[in-house]
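Structural features, examined
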Amino acid sequence: FKEEEFRYCKDSSFCRRQRKFDGQDDRATYKLHNAHLEDNGVVAEMKNALNPNQPLKLRATIYKSGIFRIEIDEASSAKPRYRVKDVLVGDISQHSSSEGAMEDITGENDGLWEESFKGHSDSKPNGPESIGVDFDFMGAKHVYGLPERGSRLMLGNTRGEGAARDEPYRLYNLDVFEYEPLYGAVPILYSHRPNFSSALFWLNAAETMVDVEDGPDMKRTHWFSESGVIDVFLLSSDTPKGVQMQFASLVGTQFMPPMFSLGYHQCRWNYKDDADVRMVDSKFDEYDIPYDVLWLDIEHTVGKRYLTWDKHLFPDPEGLQHDLASRGRKMVTIIDPHLKVDMGYSVYAEAKRLGFFCKNKDGGDFEGHCWPGTSSWLDYLNPEVRDYWASRFLPANYVGSTEHLYTWNDMNEPSVFNGPEITMPKDLLHYGNVEHRDVHNLYGFYMTMATVAGHKLLRPGRRPFILSRAFFAGSQRYAAVWTGDNGARWDHLASATPMLLQLSLGGIHFCGADVGGFFGNPEPELLVRWYQAAAYTPFFRGHAHIDTQRREPWLFGDVVMGQIRAAIRARYLVLPYLYTLFHMAHTQGLPIMRPLWMEFPGDEVTIAMDDEFMLGEALLVKPVVSANTRSSNVYLPSDKDDIWYPFRNGQTPKEQGVFTSLWSRFRGQTGSLRGQAQAGGKTISVDSGVEQGIPVFQRGGTIIPTRERARRSTSAMRADPFTLHVALNVREEASGSLYLDDGDTDEHTAGGFFLFGLKFQSNQLEYRQTEGSGFKFSHPPPALERVIVYGITKQPARVTLKRKNGGGSELEFIYDKESAMLIVRKPNVPMNEEWSISFAK
Amino acid sequence: EEMRGVQPEDAHLYAKKDMFTCKDGSSTISIDKVNDEFCDCNDGSDEPGTAACSNGVFWCANKGWKAKLLFSSRVNDGVCDCCDGSDEHAGIVTCVNRCQEEGAEQRNILMRSIQLHEQGVAKRSDYVARAHAFREAVFKRRDELGNLIQEVSQKLDGFQAQRDELNKKISEETEERLRQEQEAREAEEKKRAEEEQKRAEELAAQQAEMANQVPSGEEIKSSGDEFGSPEVPPMAPQAVDDLGETQQVVQEGKGYEDPYYSGKHVDKRPSPTGNPDPNTHVDDWYSYDNDHTDEEKPSEDEYRPPEEEYKPPEERPKTEAESESELAVKVLEYDFGPDMAFMALYDKCYEQQVQQYTYEICMFRHAKQKDGGSEQNLGTWSHWTHENGHNSVMHYTNGGGCWNGPARSMKEQQALPPARSADILEQVSMICGEDEFLVSVQEPSRCVYEMEFMTPLACSAHRAQEAREQLLAISH
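Everything quoted here is computed from the prediction, not taken from an experiment. Here the residue index of a chain counts from 1 through its sequence in written order. Working convention: letters from A go to chains and numbers from 1 go to ligands, in the order in which they are written. Local features are withheld for residues below a pLDDT of 70 in this predicted model, meaning they are given only at 70 or higher, and side-chain atom pairs are given and counted only at 80 or more; totals for whole chains, interfaces and linings count all residues. As a rule here, side-chain values cover all heavy atoms of the structure and leave hydrogens and water aside.

Moving on, we come to the overall build of chain A. Check the secondary structure of chain A and you find 14 helices and 45 strands. Here the globule rule is a power law, 2.2 Å times the number of residues to the power 0.38, and the radius of gyration is based on C-alpha atoms. In summary, chain A has a C-alpha radius of gyration of 27 Å against a globular reference of 28 Å for 841 residues, a match within 12%. Dimensions of chain A, computed from the C-alpha atoms along their principal axes, are close to 85 × 65 × 50 Å. Buried residues are those whose accessible area, probed at 1.4 Å on protein chains only, stays under 20% of the maximum for their type, while exposed residues exceed 50% and partly exposed ones sit between those limits. A total of 841 residues make up chain A; the buried ones form 67% of that total. The secondary structure listing takes helices from DSSP runs of H or I that are at least 4 residues long and strands from runs of E that are at least 2 residues long, numbered from the N terminus.

Here is the structure:
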């Protein structure tokens, strides 16, 4: 039934009209008049023959970062058009609005003033307002982006001969799951070819469509939105990362998450009661499986009244949270935007009294259906409503919450069970008399903004953690995002990779898919494969529908449990590296999960690949997405002379952290360039049985910091020593970095962190602080436990540690010529001071 | 000098002055590499006191309570796992020694556990006796039923033979009469016809009398008088399927409210002491008839069919007796434990209220979920899972269909001690109790239910002994 809920282009008047327009009517062509310089841009009047008395105003601006912006609005109009607020950051100015309705009406009355869909009528008080522009990506053969949809990463054509599909790409946040569009929208489209990357960012939160077709040596794109103004940013750089950083300069970077949120999250609809939560928590310890956060879905509330606890099920929620917290763990409760219509429910009653709900077109409070029955939706566009919402998170208002409680914002597209396409009618009214039509894709964005404010009230000076299903450009500043309601199917495991890469291109870096699949019961092998893949994705959570069988890791016997434990431990092992990547995403806007072409822009083989991904610049991950796989074909990309080393993926817990047994693992691997290295630029076959884990490779020339001790949570690792994996390139060089902070507070924004650069060059490994003024550890500072150097061709005579304070010592090491690998035993130098280790020939 | 984290029985492995050989013999290292925060042995044995080996174990003495083995992942992780705090020695947290108070608390729990198990074991003989009586009654009843079936069959056969004979006689007499009539017809045609009519009526009366010699269905039931022993539960499947009856019992408050649990215990049979509870409504059809035999049913003398009615013996009592007999044989084959003690619980029903639902379990029969007027079958009796020779988990299967989920299945955990775990804290739950009681009902996944049931039959001398040993270990 879900598919029928969708409105297709044929059902939508603005889409029909826009698509019909072929640009051949000369009368519609605008010409520039009175162009002149103003501030840092060009301003001009635009006129066409069709509506000569309705001129448009154009402003073109070039920013220092190389971003080119075009804004087009009407020169004058009775009612100002909506311009997206709060999405752009920094010194990008938000120009004041001009006026008017921009759509050129050339044909018959096609749904101009009213239309209806499946019995829902849309009153359109402002009449036809749609806008549209064509953009050509010259020389481009491939385009990517436009999250969120379940398609391949590379976007096929929607028009022209041999088009992959008929429908334009649609951006409209919806809960009509399993079909696109999905829950969130980032209107950015990338094009990439060797040595040139560009992107177009369309700053408009109304329903938006994009057509893609081939032109002569170009990709043509046609963008159109139902309302709002044309506000376009053109980004370009010689590298994909450069474009990513430009985009981040516009819409902001990834929020720096608290360390615990990078651990494993255990969720289910629903952990039923206090005893159930304690049982699940204790089983993780009983089986020595690490996890950090236990989640509660909608059933924990009093009749789906969010910000309440069902006291029969959870008689002492504070005690429960404190108990989990005593072992370093956190809890998350779900808090949705639909508030049950019930004057006995204070969150609702107070908002009702204050007039804080979204309004019908006639001014009354909008009511619709969702989980609790008849509900109203807070108007988060109103700053006062956001303040109100934030204050709800204080323990005095959210009785039963503690500082150990975090938040999950679901259903915030918003999902309205009895609304058109399961969402709000477009003619609802928001704060400032803004129609829902104009801001639909921003609803979830504003909700998470308000929830973040709540967390900051609850925990001043500490980092929020929120998971959201809906998002818009810039949502990465507030929330992590998951891909919503997937199924326990191999093809859904397969599509997780392109979907997460697509989100990452949209700047939504802290993203993940539900492990195991939300609907249905995964066979054990599928479940294990999902853990193995998701361990390397930014957000790592197991979740299941209420109608599914229990699937906690210990329910499938010792063998499967051991495989899942190994996969989760593999995640905890790479946390220092992952946390450093989050710092890069936070400070520079660099993605955590990257398509291969982002790291290897010159390797054309990677252009269509979306079944492998890079975790940062160092790790290549190839999820296994089919049953009974014994070996996988892995393409090892290469820009120039790249070589690759198999990375320890935690599948052999017996050997984890063990000094001598590391040898056997890499011995006997054939076809190697230096020891266990593989030359890039080719596809190799890699053993990848379910007990061996998925293929993971480290790129030569990189250094990965890890923590290799088995622990029960991130908190339990805080004093653990580090291991450095130094993978040399063909020049026997490597570099990397390590970011350290307290994992919880905002001190890092004031310099309270360490960023160390690692460089291996001329047989010397150097550890130098490059940024940050440091912070004080609440425990003995962690030390360096071991250094593993891969691809070192000659045995050093000795390995010597030199500390900054002048001290030093000769270090014990083992070298194996055959595998060209060297392990340094226990340098034992604190990680908050500089040092160097020389490998004297 | 003790090596940190080493179990006493392994202490000798770490006793050498210069070298240490990994427990698995895989390599030998200098003794100063033991507990030096670096993992050198494949088996993790060189780091018993640190977290350096992910596959290691840590031993804490916990004087005042009891020694414990931990995953080495718990060492210096900022959480106090040993009550003596010896697992945290790196200065990440400061642990207070809680062994004395935990030991005292555990002593109380263990003493209570010993008491419960011993009491439960003592009660077991009562159950066995009841089960025995039950079985004897079933045997007796089965024999009676056999006799009844035979008797009815014989009477049915006898009736058939007599009727055949009678019919033959009638037809012979009729032939003779016809012949005589032929002779006398012309003389007294009208008068003879009247005489023949009279004789035919006499025959009919004879037949009716014969039919009365076979007992009616009602009479068969009343013959079960001796089955009214209070030790014998009903066996017919109709017994508890009647929702009205069951609910009536609940409303009349035949169960008791436990102050600690909201569950209700509903015993539809007379109390095990042998004194029938006057309020108990016994709703099986044998005893129902017992209740009414003397008062309402007409006596045999009064109960005669009208003479003119022609009525063959009923077959229904025979088929009912056959199916009852079949069920009796089947029930006798159930697994009631090595000493048959669980037979004493056959068809006893217990209830527990969880939010709006009332859950009912009728032992060896079925489990139900009731919500107001509607009820959901959670499964019928299937089989036991055994653990350590004990009947530990009952399984009820093939419940009603479940929307969008798996077929409902019922797994009733009959709280026997989990013998697998070495941590006594997990064994303190209601492993055995003074009386039958439905402790809890869980639905861990949609349509999968788990109950915990308390009974003295779950108590074991072995567990009491274990607890006694643990108590001794604390005392040391």
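Further remarks concern the overall build of chain B. The helix and strand tally for chain B stands at seven helices and 13 strands. The burial tally for chain B puts 44% of its 476 residues in the buried class. The contact definition used throughout considers only heavy atoms, calling two residues in contact when any of these lie within 4.5 Å. Taking the contacts inside chain B whose residues are at least 6 apart along the sequence as the reference set, 54% of them involve residues at least 24 apart. When the accessible surface of chain B is summed, it comes to about 24700 Å², and 50% of that surface belongs to carbon and sulfur atoms. For accessible areas, the Shrake-Rupley method is used with a probe of radius 1.4 Å. Any residue's cover is judged against the shown protein chains and nothing else.

For the rest of this paragraph, the subject is the packing of aromatic side chains. Any Phe, Tyr or Trp ring, taking Trp's six-membered ring, that has another such ring centre within 6.5 Å forms a pair; planes under 30 degrees apart are called stacked, those over 60 apart edge-to-face, and the others tilted. Under the defined criterion, the tally for this structure stands at 62 aromatic pairs over all chains. Taking the centre distance of 4.6 Å and the plane angle of 50 degrees together, the rings of Phe260 of chain A and Tyr406 of chain A count as tilted. Highlighted residues: Phe260 of chain A in the loop between helix 2 (240-251) and strand 15 (265-266) and Tyr406 of chain A in strand 21 (residues 405-409), separated in sequence by 146 residues. Across the pair, exposure class does not vary: Phe260 of chain A and Tyr406 of chain A are buried alike. On the basis of an interplanar angle of 85 degrees and a centroid distance of 6.5 Å, the ring pair of Phe336 of chain B and Tyr346 of chain B is categorised as edge-to-face. Taken together, the residues span a long stretch of sequence, with Phe336 of chain B in the loop between helix 6 (316-332) and strand 6 (349-354) and Tyr346 of chain B in the loop between helix 6 and strand 6 at a distance of 10 residues. The residues Phe336 of chain B and Tyr346 of chain B share a single accessibility class, namely buried. Positioned above the aromatic ring of Trp482 of chain A, the side-chain terminus of Arg541 of chain A is 5.0 Å from the ring centre. In this scheme, the term charge over a ring applies when either NZ of a lysine or CZ of an arginine sits within 6 Å of the ring centre and within 35 degrees of the ring normal.

Turning our eyes to something else, we now look at the side chain of Arg565 of chain A. Residues and elements named next belong to chain A. Along the polypeptide, Arg565 turns up in helix 11 (residues 557-573). Positive residues here are Lys and Arg, negative ones are Asp and Glu, while His and the chain termini are left out of the count. Within this document, salt bridges are pairs made up of a side-chain nitrogen of Lys or Arg and a carboxyl oxygen of Asp or Glu, the two lying within 4 Å of each other. There is no salt bridge for the buried Arg565, and the closest opposite charge comes from Asp288, which lies 5.7 Å off by N-O distance. Sequence-distant contacts of Arg565, defined by excluding residues within four places in its chain, comprise Tyr287, Asp288 and Ile289.

Put simply, a disulfide is two cysteine sulfurs that come within 2.5 Å. Applying the stated criterion across every chain yields a total of eight disulfides over all chains. Bridging Cys9 of chain A to Cys15 of chain A, the disulfide has an S-S length of 2.0 Å. Taking the sign of the S-S torsion, -100 degrees for the link of Cys9 of chain A and Cys15 of chain A, the bridge is left-handed. Each member of the pair, Cys9 of chain A as well as Cys15 of chain A, carries the same accessibility label: buried. Disulfide partner of Cys432 of chain B: Cys459 of chain B, at an S-S distance of 2.4 Å. Handedness of the Cys432 of chain B-Cys459 of chain B disulfide follows from its S-S torsion of about 105 degrees: it is right-handed. With Cys432 of chain B in the loop between strand 11 (409-413) and strand 12 (437-445) and Cys459 of chain B in the loop between strand 13 (448-454) and helix 7 (461-475), this pair connects stretches of sequence that are 27 residues apart.

Right, let's talk about the pattern of salt bridges for a bit. Going through the model one piece at a time under the given rule, you end up with 89 salt bridges over all chains. Asp347 of chain B is paired through a salt bridge with Arg365 of chain B; the nearest N and O atoms lie 2.7 Å apart. Remark: Arg365 of chain B occurs in the loop between strand 7 (357-362) and strand 8 (366-371) and Asp347 of chain B occurs in the loop between helix 6 and strand 6; sequence separation between them is 18 residues. For Asp347 of chain B, a relative accessible area of 5% puts it in the buried group. Judged by relative accessible area, Arg365 of chain B falls into the buried class, the value being 12%. Through salt bridges with shared partners, a single ionic network connects Asp274, Arg278, Asp281, Asp285, Asp323, Arg327, Arg329 and Arg712 of chain A together with Asp77 and Asp81 of chain B.

A few words now on the interface of chain B and chain A. Contacts between the two partners involve 38 residues from chain B, matched on the other side by 40 residues from chain A. Defined in terms of a 1.4 Å probe, buried area is the accessible area two parts forfeit on being brought together, summed over both. At the boundary of chain B with chain A, total buried surface from both sides reaches about 3200 Å², with 41% on carbon and sulfur atoms. Here a polar contact means two N or O atoms within 3.5 Å. Within protein one must be a hydrogen donor candidate and the other an acceptor candidate, and residues neighboring in sequence count only if both atoms are side-chain atoms. Our count for the contact surface shared by chain B and chain A stands at 15 residue pairs in polar contact (both at pLDDT 80 or more). In terms of residue count, the dominant contributor to the side of chain B that touches chain A is strand 12 of chain B (four residues).

Within a sheet, each strand pairs with its neighbour through backbone hydrogen bonds, oriented either parallel or antiparallel. Residue and element names in this part refer to chain A. Pairing between strands is defined by DSSP: at least two bridges between them are needed. Strand order in the open sheet formed by eight strands is 1-2-3-4-14-11-10-8, with antiparallel pairing between adjacent strands. Of all the strands in the sheet, just strand 1 (31-38) and strand 8 (143-145) have a single pairing partner and so form its edges. On average, each strand axis in the sheet is inclined to that of its neighbour by 20 degrees, with strand direction left out of account. As paired elements, strand 3 (residues 56-62) and strand 4 (residues 68-74) share seven bridges and run antiparallel to each other. Within the sheet, the bridge partner assigned to Thr61 lies in strand 4 and is Arg69. Sitting on the sheet, helix 2 touches strand 10 (188-193), strand 11 (196-202) and strand 14 (230-237), and the angle it makes with strand 14 is about 145 degrees. Orientation is described by lines fitted to C-alpha atoms, with helices fitted over the stretch in contact, and by angles between N-to-C directions that extend from 0 to 180 degrees.

Residues and elements named next belong to chain A. Extensive coverage of strand 12 (residues 208-215) is indicated by the burial of six of its eight residues. Looking at chain direction, strand 9 (residues 169-171) and strand 12 are connected through three bridges and run antiparallel. Considered in strand 12, the bridge of Arg170 is made with Met209. Bridging between strand 12 and strand 13 (residues 218-225) involves eight bridges; their strand directions are antiparallel. Bridge pairing in strand 13 places Asp214 opposite Lys219.

Moving on, we come to the confidence of the model for chain A. The predictor's confidence in any single residue is recorded as pLDDT, a number from 0 to 100. Per-residue pLDDT for chain A has a mean of 91; in total, 93% of the residues score no lower than 70. Within the model, the stretch residues 95-101 of chain A combines pLDDT values under 50 with 35 contacts to residues more than four positions away or in other chains.

A word on the sheet that holds strand 35 (residues 696-699) of chain A. Residue and element names in this part refer to chain A. In space, the six strands of this open sheet follow the order 28-29-30-35-32-33, with antiparallel pairing throughout. A strand with exactly one partner marks an edge of an open sheet, and here the two such strands are strand 28 (593-594) and strand 33 (678-679). Bridge count between strand 28 and strand 29 (residues 613-615): two bridges; the pairing is antiparallel. For Arg594, the partnering residue across the bridge sits in strand 29 and is Met614.

All names here are of chain A. Val347, Tyr348, Ala349 and Ala351 are the residues of helix 5 (residues 346-354) that are buried. Against strand 18 (338-340), strand 20 (373-377) and helix 6 (383-391) lie the buried residues of helix 5. Just downstream of helix 5, Gly355 is the residue with a positive phi angle, here 70 degrees.

Our next topic: the environment of Ser236 of chain A. Residues and elements named next belong to chain A. Topologically, Ser236 is positioned in strand 14. Residue classification places Ser236 among the partly exposed residues on the basis of a relative accessible area of 34%. Along the primary structure Ser236 and Ser191 are separated by 45 residues, whereas in three dimensions their C-alpha atoms are 9.4 Å apart. Aside from chain neighbours lying at most four places away, what touches Ser236 is Phe196, Ser197, Ser198, Val243 and Gln246.

Residues and elements named next belong to chain A. Pairing of strand 18 with strand 20 involves three bridges; the strand directions are antiparallel. In the sheet register, His338 faces strand 20, and the bridge partner there is Trp377. In this sheet, strand 20 lies alongside strand 19 (residues 368-370) in antiparallel orientation, the contact comprising three bridges. Bridging across to strand 20, His369 finds its partner in Thr374. Taking the residues that link successive antiparallel strands as the turn, the strand 19-strand 20 hairpin has two residues.

Residue and element names in this part refer to chain A. By the secondary structure assignment, Leu381 is in the loop between strand 20 and helix 6. Accessibility expressed as a relative area gives 9% for Leu381, which makes it buried. Residues Leu381 and Leu442 lie 61 residues apart in sequence; the distance between their C-alpha atoms is 8.5 Å. Leaving out residues up to four positions away in the same chain, Leu381 has contacts with Arg386, His430, Tyr431, Val439 and Tyr446.

So, on to the nonpolar core. All names here are of chain A. In this text, buried Ala, Val, Leu, Ile, Met, Phe, Trp, Tyr and Cys residues form a nonpolar core when linked through side-chain atoms within 4.5 Å. By size, the foremost hydrophobic cluster in this structure holds 186 residues, and its most contacted members are Phe201, Leu378, Trp389, Phe465 and Tyr536. Residues contacting Trp389, with those up to four places away along its chain left out, are Leu307, Ile335, Asp336, Leu339, Leu378, Tyr380, Met447, Ala450 and Thr451. Counting residues in hydrophobic clusters, the runner-up holds 40 residues, among them Tyr767, Val789, Leu801 and Leu811.

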